[in-house]
Amino acid sequence: MENQPIIVKRVKKVAAGHHGGSWKVAFADFATAMMAFFLVLWLTTNTSPEQKRALEGYFKDPVGYTEGGSRNPVDLGGSASVVEASAADQAGNEVPVDDERIETMAQQLEQRQMEELFQDLRERIESSDTLNEFKDQLLIDITDEGLRIQIVDRSQRPMFDSGSAQLKYYSQDILFELAKPLGSVPNKLSITGHTDATPFGGRPGYTNWELSADRANTARRALVTGGVRPEQIGRVVGLSDSVLFDQEDPTAPVNRRISIIVLNKKAAGEIQGRASRSGEPLIDLTQPTEEEQEAAREQLESGDWDREEEPVQPGELDW
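The structure presented is a predicted model; accordingly, all values stated were derived computationally and were not measured.

Reading the values: the criteria
- Residues numbered from 1 in each chain as written.
- Predicted model: local features only at pLDDT ≥ 70, side-chain atom pairs only at ≥ 80, totals over all residues.
- Heavy atoms only, no water.
- Patch = residues over 30% accessible without salt bridge, like charges linked within 9 Å, V, L, I, M, F, W, Y side chains within 5 Å.
- Areas by Shrake-Rupley, 256 points an atom, 1.4 Å probe, with all protein chains shown as cover.
- Salt bridge = Lys/Arg side-chain N within 4 Å of Asp/Glu carboxyl O.
- Helix = DSSP H or I, 4+ residues; strand = E, 2+ residues; numbered from the N terminus.
- Pairing = 2+ DSSP bridges.
- Axes fitted to C-alpha atoms, helices over the stretch in contact; angles between N-to-C directions.
- Contact = heavy atoms within 4.5 Å.
- Polar contact = N/O pair within 3.5 Å; in protein donor to acceptor, adjacent residues only side chain to side chain.

**Thoughts on a nonpolar patch on the surface**
Taken together, the side chains of Trp 23, Phe 27 and Phe 30 present a nonpolar region at the surface, about 400 Å² in accessible area. Relative to the helices and strands, Phe 30 is located in helix 1 (residues 22-45).

**Here's the deal with the sheet that holds strand 5 (residues 257-263)**
Strand order in the open sheet made by the five strands is 1-2-5-3-4, with mixed pairing throughout. Looking at strand neighbours, the two that pair on one side only are strand 1 (138-142) and strand 4 (233-238), the edges of this open sheet. Adjacent strand axes in the sheet meet at a mean angle of 15 degrees, parallel and antiparallel pairs treated alike. Bridging between strand 3 (residues 189-194) and strand 5 involves six bridges; their strand directions are antiparallel. The partner of Leu 189 across the bridge, within strand 5, is Val 262. Strands in contact with helix 4 (residues 99-127) are strand 1, strand 2 (146-152) and strand 5; relative to strand 1, the strand with the most contacts, it is inclined by about 165 degrees. Most of the contacts of helix 6 (residues 169-182) go to strand 2, to which it runs at about 170 degrees, and overall it touches strand 1, strand 2, strand 3 and strand 5.

**Re the side chain of Ser 128**
Along the polypeptide, Ser 128 turns up in the loop between helix 4 and helix 5 (129-133). A polar atom in the side chain of Ser 128 sits 3.4 Å from the backbone nitrogen of Thr 130. Here the side chain of Ser 128 touches Leu 131 through a polar contact of 3.4 Å, landing on its backbone nitrogen.

Take a look at the structure:
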């Protein structure tokens, strides 16, 4: 018995194969589908019969669905919906803007453009050798009419020869340089000539009024030559010494100047409005009176209209 061998029997267990986690994905899809199914059931229980018919039509033919009048057949409120806006919808959403508001916005835009032109001119004066040399004679500001550039006389450095409308060579160069930025804007320009209070005695019948107007016209020709469009000129005026720059010293050189204004829309419109015909004149001198019409009728009936007129005697005025 002591020599009897010990027999050990080993039982081999066969385990099932490893399934991994794929069942979790399948269960998640099943849960999602059930949630969507119950969500549809809940939605349908809260819809009206018309909405149910719309749902039925939508799912039968989603692309070509036209019945029901909406591409979002179920809208319970509180949820965002995307629809294509029609022209009628856009027209209803437009915010009405009155004419006064539009005019105010246009003026603000034009004011901003004037300020940009002002900065452009300042930069051009600093960068240009010609303008920088005479920058003490250039005065730039913004007025009610628009952007104003004044080219003034300085002691021993006038723009024109004394009592003449002939530009100095450097004054012509200044106008040529200014014509470049001025010609790039669509605004009309106003050019005004000014003199000091010293009476002009060069020739009989020629005063500071004629001199200031001739100088303004000379400046106009220089600007047009430099690049300003001829149709851009809106006004050329000579004001003599009626608008002095230095009121305390009427004979100061600074009073002799050329003023160029880049007119804003309002100022240009007022100039055009004053010149255009707004209605019938109060007094029409071309219209004959009733007495003149009656006399002409009688002359026509009597045949006196064929009578030769008497010749004008020497020394007699014939208007």
